[in-house]
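Fold and geometry: a report
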Number of protein chains: 2
Amino acid sequence: MTNSALAEATQSYHHGNLRRELLKQALEHLKQVGPDKISLRALARDIGVSQTAPYRHFPDKNALLAALAAHGHRQLTEVTQAAVDAAEDDAQKFIDIGLAYIDFARANPELYKLMFGPVLESPMEFPELVEAGQRAFAMILTVIQEGINRKHFVQDDARILANGAWSMVHGIASLWIDGMYRCADGTFPSDETHLDETVIANSLKLLVNGILYKGE
Amino acid sequence: MTNSALAEATQSYHHGNLRRELLKQALEHLKQVGPDKISLRALARDIGVSQTAPYRHFPDKNALLAALAAHGHRQLTEVTQAAVDAAEDDAQKFIDIGLAYIDFARANPELYKLMFGPVLESPMEFPELVEAGQRAFAMILTVIQEGINRKHFVQDDARILANGAWSMVHGIASLWIDGMYRCADGTFPSDETHLDETVIANSLKLLVNGILYKGE
DNA sequence: ACCACCATGTTTACAATGAAAACTTTACTC
DNA sequence: GAGTAAAGTTTTCATTGTAAACATGGTGGT
């Protein structure tokens, strides 16, 4: 068994392939207790390994969380890219892309909080994370630039359009996740989850209306 | 000195009026170390009081943070209300209100993170906080409703307009605070803080354009 | 086949934290 | 002036992140 790939696949090696297992368990714990309360020791305990074993794979807790966040960014980019590819070339396209992004955030709230919240320290120091972020932004920029080329937009500064679109989508996702989306009377929606998509889509439309060039 | 109001005003009582002092120091620590790393013990130490003294004024750490967040919401509502009052009745009005909100977030990033981030646990259990949030939303609704009454908007569902506007503003504030606002090439702005207002205002305009009724 | 090495885990240890429990002090009330 | 309840203290405990020193076992060079 000199093949390390085989070693990874099986249960062998010294004590299993920990790094993968750690990230898997971390994601599980993340979903259950939220990003703040993740404990390295609890992870190690649940995996059945010593409390300091994780430090052979990550310099510290923050680094593990960063790896988790990077994975999340890649996933998010994936689902958004899928929406981009599937979309027809009209206004609905932008709505659909936004909805895909927001759906991911709603389906993985704790992960999303980790990715964009203040839990992670000095995220810019993790190349993996920075690259994932740039990839996501590049994707948005591509879509935007296409729109600019086709003269779909009221303005042709890609930076403003991309940041504006991202802000809107991120804002909706954040507020919704934190339960801050409100009814007209200031109270919170009870359980009409079937209305969500419509409400969100309508909010998105506001921005799309502001961006799209309305041919006379 | 039977007057408890006087007692609060002066330095007297048992060992000074702690509650006020705690919140003050907490705000200071918040600015310096961020919401995650605030430590009750450090607060007590800096004030010169025993480590468990805070527990006579707040049931736990979370409650202290909630009080801090509530204070932040009141401040935020205040500055935004001021912008509402100062604004003339045209499109620029909405830009100005949004900018005031975002300026507060940029001036008090750690406080803003505490108010809207995932740090605070079960925020809905703090009536003080819930009320502050409702007051803020009510203010937005008032402005929106006025606009609806004057037929300024392309749509008359106040909930959608208010949530949409808030999402946009919150999204911009969050991304900016976390340093995720990007240049057109996907990199981050270096130090052109003088350009900020313009860039932000332009993003805001995208939404305002989408909301305002454009009389033929 | 041997042996030295390095990656991976373990044991032990330490300091910081949030919080509970029991005790002490002080200001105000009757 | 005694008693009471609020405000503060001391002591204690479990949990956490992480450093340091040690153990182990698979691998590669000779």
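If you're wondering where the values come from, they're calculated on a predicted model, not measured in any experiment.

**Observations concerning the overall build of chain A**
Check the secondary structure of chain A and you find nine helices and zero strands. N-terminal to C-terminal, the α/β element order of chain A is α-α-α-α-α-α-α-α-α. Within chain A, the fraction of its 216 residues that count as buried is 50%. Within chain A, contacts between residues at least 6 apart in sequence are counted, and of these 67% link residues at least 24 apart. Surface accessibility of chain A: about 11000 Å² in total, with carbon and sulfur atoms responsible for 52%.

**So, the packing of aromatic side chains**
All told, the structure shown has twelve aromatic pairs over all chains when counted by the stated rule. Ring geometry for Tyr101(B) versus Tyr112(B): centroids 6.0 Å apart, planes at 85°, classification edge-to-face. Taken together, the positions of Tyr101(B) in helix α5 (residues 91-107) and Tyr112(B) in helix α6 (residues 109-116) put the pair eleven residues apart, joining distant regions of the chain. For Tyr101(B), a relative accessible area of 7% translates into the label buried. On the basis of relative accessible area, Tyr112(B) is assigned to the buried category, the value being 2%. Three or more aromatic residues joined by ring pairs form one cluster here, namely Tyr101(A), Tyr112(A), Phe116(A), Phe137(A) and Trp166(A). The ring of Phe94(A) has Lys93(A) lying over it, and the distance from NZ or CZ to the ring centre is 5.9 Å.

**Quick look at the protein's contact with DNA strand D**
Around DNA strand D sit 25 residues, and of these Arg41(A), Arg45(A), Ser50(B), Thr52(B) and His57(B) come closest. Near the protein, within 4 Å, the atoms of DNA strand D are sugar or phosphate in 47% of cases. Between DNA strand D and Arg45(A), the relevant distance is 2.7 Å, taken from a phosphate oxygen to a side-chain nitrogen or oxygen of the residue. One of the side-chain nitrogen or oxygen atoms of His57(B) is found 2.7 Å away from a phosphate oxygen of DNA strand D. Here the residues of the surface near DNA strand D are counted per class, giving eight nonpolar, eleven polar and six charged.

**Describing the interface of chain B and chain A**
Contacts between the two partners involve 44 residues from chain B, matched on the other side by 44 residues from chain A. Contact between chain B and chain A buries roughly 4300 Å² in total, counting both sides, with carbon and sulfur atoms accounting for 65%. When the buried surface of chain B facing chain A is broken down by residue, Arg159(B), Arg182(B) and Leu206(B) rank first, second and third, together holding 17% of it. Along the contact surface separating chain B from chain A lie two salt bridges. For Glu121(B), the salt bridge goes to Lys37(A), with nearest N and O atoms at 2.6 Å. Our count for the chain B to chain A interface comes out at four residue pairs in polar contact (both at pLDDT 80 or more). Broken down by secondary-structure element, the contributors of at least two residues to the side of chain B that touches chain A are α6, α7 (127-149), α8 (158-177) and α9 (196-211) of chain B. In terms of residue count, α8(B) provides more of the side of chain B that touches chain A than any other element does, 13 residues in total.

**Digging into the environment of Leu207(A)**
Tracing the chain through its elements places Leu207(A) in helix α9 (residues 196-211). Look at Leu207(A) and you get buried, because its relative accessible area is 4%. Between the alpha carbons of Leu207(A) and Ile148(A) there is a distance of 16 Å; along the sequence they are 59 residues apart. Not counting residues up to four positions away in its chain, the partners in contact with Leu207(A) are Gly164(A), Ala165(A), Met168(A), Met168(B), Leu206(B) and Leu207(B).

**Describing empty space enclosed by the protein**
Residue and element names in this part refer to chain A. Counting across every chain of the model gives seven cavities of 30 Å³ or more. What lines the largest cavity is a set of 23 residues, and nearest its centre among them are Ile97, Gly98, Ile140, Ala165 and Val169. Counting residues per element, the ones that place at least two in the lining of the largest cavity are α4 (61-86), α5 (91-107), α7 (127-149), α8 (158-177) and α9. Among the elements that take part in the lining of the largest cavity, α7 stands out by supplying six residues, more than any other. Looking at the lining of the largest cavity, its residues break down into 20 nonpolar, three polar and no charged.

Criteria and thresholds
- Residues numbered from 1 in each chain as written.
- Chains lettered and ligands numbered in written order.
- Predicted model: local features only at pLDDT ≥ 70, side-chain atom pairs only at ≥ 80, totals over all residues.
- Heavy atoms only, no water.
- Helix = DSSP H or I, 4+ residues; strand = E, 2+ residues; numbered from the N terminus.
- Buried < 20%, exposed > 50% of the residue type's maximum accessible area, 1.4 Å probe, protein only.
- Contact = heavy atoms within 4.5 Å.
- Areas by Shrake-Rupley, 256 points an atom, 1.4 Å probe, with all protein chains shown as cover.
- Phe/Tyr/Trp six-rings, centres within 6.5 Å; stacked < 30°, edge-to-face > 60°.
- Lys NZ or Arg CZ within 6 Å of the ring centre and 35° of its normal.
- Near = heavy atom within 4 Å.
- Polar contact = N/O pair within 3.5 Å; in protein donor to acceptor, adjacent residues only side chain to side chain.
- Nonpolar A, V, L, I, M, F, W, Y, C, P; charged D, E, K, R; others polar.
- Buried area = accessible area lost by both parts, 1.4 Å probe.
- Salt bridge = Lys/Arg side-chain N within 4 Å of Asp/Glu carboxyl O.
- 1 Å grid on protein atoms, 1.4 Å probe; cavity = no way out; pocket = protein on both sides within 12 Å on 5 of 7 lines; lining within 4 Å.
- Points joined across faces, edges and corners; volume = space filled by probe spheres on them.

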